[in-house]
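Chain by chain, the residues run as shown.
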Amino acid sequence: MSAARRPLKSLGQNFLVDGNVIDRIIQAADILPDQPVLEIGPGRGALTKHLAGRAGRLVLIEYDHALAAFHRDQHQDNERVTVIDADVLKVDLDALLSESPQKWNVVANLPYNISTEVLFRLYGVHSRLARMTLMLQKEVGDRLAAPPDCSAYGVTTVLLGLWFDIRRVFVVPPGCFHPSPKVDSVVLNFIPRTAVRAEVGDEGVFRSVVKSAFSMRRKTLANCLKSAEFAKTVDCEQLLESCAIDGRRRGETLSLEEFALLSCRVTELLRTAQP
Ligand code: SAM
């Protein structure tokens, strides 16, 4: 059967084989009756079979054609299950999730090579999400929970931290997968905040303030911000001064609230600069 073919390293295929870990992930996902669920990378279905029994609707996105065909076959009699045979990075997630008026529960043991990119995509559709339970490489997970001024603190920490409470559920050792990865993994719960942690003005501006601040880790904040598109309109020295933030600091020392302050100010300046 296709699902039994040798795992593909290029697609990050480390399949979960530990029943206890699978049960704990399903428990952590806390799927509500009739809730729509999205699973990214169902693989051989370790989580899928539990999700199919609980979800109001289940959408599977799998890039491995053979595995997508396997799921189509497995769930052919279940009209609540949809299989999308595609690269998740090419799927228009906003259009897909807008098919349901309800908010989605996302569950995934993410392929490690694209996990950060997938996190950005999920951040982009945060308003359509009720909850996420994601398994990540432990190092990537640690980054999401990192405080300012440490090397793990980065763009994903700030962006996802704005909208989600991120809770570590448990660490998963390599032996729980086939084949075993070289490093530990971690399961995290992402719970949308009822109120945003700080006002940021325009969200696109917030993203570009944060990305530019981390773009050159060894350079000062003032120099980093100058590389951003908004710097064509906004004087970055004045911007920092008006927010009482020292431009000689490194971007990674700023708290989420300081990024938010800069973003609000840039939003305001861009609006007033418009003809
Ligand atoms: N959920 C299964 C489990 O826990 O055993 C499999 C997890 S495995 C770590 C990652 C899965 O994501 C694989 O099935 C792989 O084929 C799939 N995958 C890899 N890259 C993908 C992509 N760009 N889009 C969608 N699925 C992808």
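Criteria and cut-off values
- Residues numbered from 1 in each chain as written.
- Predicted model: local features only at pLDDT ≥ 70, side-chain atom pairs only at ≥ 80, totals over all residues.
- Heavy atoms only, no water.
- Buried < 20%, exposed > 50% of the residue type's maximum accessible area, 1.4 Å probe, protein only.
- Helix = DSSP H or I, 4+ residues; strand = E, 2+ residues; numbered from the N terminus.
- Contact = heavy atoms within 4.5 Å.
- Polar contact = N/O pair within 3.5 Å; in protein donor to acceptor, adjacent residues only side chain to side chain.
- Axes fitted to C-alpha atoms, helices over the stretch in contact; angles between N-to-C directions.
- Parallel < 35°, antiparallel > 145°, perpendicular 65-115°, else oblique.
- Left-handed = near helix turned anticlockwise from the far one by under 90°.
- Nonpolar A, V, L, I, M, F, W, Y, C, P; charged D, E, K, R; others polar.
- Near = heavy atom within 4 Å.
- Areas by Shrake-Rupley, 256 points an atom, 1.4 Å probe, with all protein chains shown as cover.
- Domains from an automatic or database assignment.
- Buried area = accessible area lost by both parts, 1.4 Å probe.

How should I be thinking about helix α8 (residues 203-213) in this particular structure?
Taken as a whole, α8 has its buried residues at Val205, Phe206, Val209, Val210, Ser212 and Ala213. Buried residues along α8 sit in contact with α5 (115-124), α7 (155-163), α9 (221-226) and α11 (256-273). Where α8 begins, one side-chain oxygen reaches toward the backbone nitrogen of Gly204, 2.8 Å away; that side chain belongs to Asp202.

Please explain the packing of α8 against α11 as it appears in this structure.
The axes of two packed helices give the description: the angle between them and the distance between them. Where α8 contacts α11, the two axes come as close as 9 Å, and the packing angle between them is 125°. One way to sum up the angle between α8 and α11 is to call them oblique. Pair α8 / α11 crosses with right-handed handedness. Judged by residue contacts, Val205, Phe206, Val209, Val210 and Ala213 of α8 engage Phe259, Ala260, Leu262, Ser263, Val266, Thr267 and Leu270 from α11. Considering only residue class, the contact of α8 with α11 consists of 10 nonpolar, two polar and no charged.

What am I meant to see in the side chain of Asp64 here?
Tracing the sequence through the fold places Asp64 in the loop between β3 (57-62) and α3 (65-74). Of the residues examined, Asp64 reaches a relative accessible area of 4% and is grouped as buried. Side-chain polar atoms of Asp64 contact the side chain of Gln13, separated by 2.8 Å. At 3.0 Å, the side chain of Asp64 forms a polar contact with the backbone nitrogen of Ala66.

When you look at the site of the ligand in this model, what are you seeing that I'm missing?
In the vicinity of the ligand there are 22 residues, among which Leu16, Gly41, Glu62, Asp87 and Asn109 approach most closely. Gln13 is positioned with one of its side-chain polar atoms (N or O) 2.9 Å from an oxygen atom of the ligand. In the environment of the ligand, a nitrogen atom lies 3.4 Å from a nitrogen or oxygen atom belonging to the backbone of Pro42. When the ligand sits alone it has 590 Å² of accessible area, and the protein chains cover 98% of it. Put simply, the parts of the chain that give the shell around the ligand at least two residues each are β1 (15-16) and β3. Of the residues assigned to the shell around the ligand, the class counts are 12 nonpolar, six polar and four charged.

For this particular structure, what's the right way to read the environment of Phe15?
Relative to the elements of secondary structure, Phe15 occurs in strand β1. Using a relative accessible area of 10% as the deciding quantity, one classes Phe15 as buried. Along the backbone, Phe15 and Tyr153 are 138 residues apart, and their C-alpha atoms lie at a distance of 29 Å. Here Phe15 is in contact with Pro7, Gly43, Arg44, Leu67, Cys176, Phe177 and His178, once residues within four sequence places are set aside.

What am I meant to see in the domain arrangement of the protein chain here?
Interface size is commonly expressed as the accessible area that is lost once the parts come together. With domains assigned, the protein chain is organised as domain 1 (9-192) and domain 2 (203-273). Just the C-alpha atoms count here: the centres of domain 1 and domain 2 sit 32 Å apart. Between domain 1 and domain 2, the contact holds 15 residues from the first and 13 residues from the second. Summing both sides of the interface, domain 1 and domain 2 together bury roughly 1,200 Å²; the carbon and sulfur share of this comes to 68%. Of all residues in domain 1, the largest losses of buried area upon contact with domain 2 belong to Tyr153, Val155 and Val158, amounting jointly to 38% of the total for that side. At the level of elements, α5 and α7 are the ones that each hand at least two residues to the side of domain 1 that touches domain 2. Residues of the side of domain 1 that touches domain 2, tallied by class, amount to 10 nonpolar, four polar and one charged.

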